[in-house]
Amino acid sequence: MAILVYYRKLSEDASTVRYAFGGHPAETDRVMTLDKASCEADPDDGRRTFGFHATVRGIARTHHTSGTWPEHGMVAH
């Protein structure tokens, strides 16, 4: 199964980061909240799809590599 998901940071505070994500840069209509300590996330709509999980892993991997939470990006799998 192939997946292409785009994401962009909406907000960040001391314990969480919120991202919008979707299948096209102009259509990032889903939103997730990611816990910084555990790198676990919850989608606002409750749908834990393959794209959601791939996006969480991509964001966490970028954070692990760079030490900062990415402003935006893309996950291709």
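Computed from a prediction, not measured in an experiment: that's the story for all the values here. (Residues numbered from 1 in each chain as written. Predicted model: local features only at pLDDT ≥ 70, side-chain atom pairs only at ≥ 80, totals over all residues. Heavy atoms only, no water.)

Caption draft 1: Layout of the overall build of the protein chain. Helix and strand content of the protein chain: 1 helix and 5 strands. Moving toward the C terminus, one meets the helices and strands of the protein chain in the order β-β-β-β-α-β. Its C-alpha atoms give the protein chain a radius of gyration of 11 Å, within 12% of the compact-globule value 11 Å for 77 residues. Seen through its principal axes, the protein chain has C-alpha atoms that stretch 30 × 25 × 20 Å. In the protein chain, which comprises 77 residues, the proportion classed as buried is 36%. Considering only contacts in the protein chain between residues 6 or more positions apart, those separated by 24 or more positions represent 35%. Accessible area of the protein chain: about 4,600 Å², with a carbon and sulfur share of 53%. The averaged location of the 10 negative side-chain charges in the protein chain is 4 Å from the averaged location of its 9 positive side-chain charges. (Helix = DSSP H or I, 4+ residues; strand = E, 2+ residues; numbered from the N terminus. Rg over C-alpha atoms; globule rule 2.2 N^0.38 Å. Buried < 20%, exposed > 50% of the residue type's maximum accessible area, 1.4 Å probe, protein only. Contact = heavy atoms within 4.5 Å. Areas by Shrake-Rupley, 256 points an atom, 1.4 Å probe, with all protein chains shown as cover. Lys, Arg positive; Asp, Glu negative; His and termini not counted. Charge placed at Lys NZ, Arg CZ, Asp CG, Glu CD.)

Caption draft 2: Structural context of the pairing of strand β5 (residues 72–76). Residues Gly73 and Val75 line the buried face of β5, whereas the alternating positions His72, Met74 and Ala76 sit on a face that is not buried. Pairing of strand β1 (residues 4–12) with β5, which is carried by 5 bridges, proceeds in the antiparallel orientation. Residue pairing across strands places arginine 8 opposite histidine 72, the latter belonging to β5. (Pairing = 2+ DSSP bridges.)

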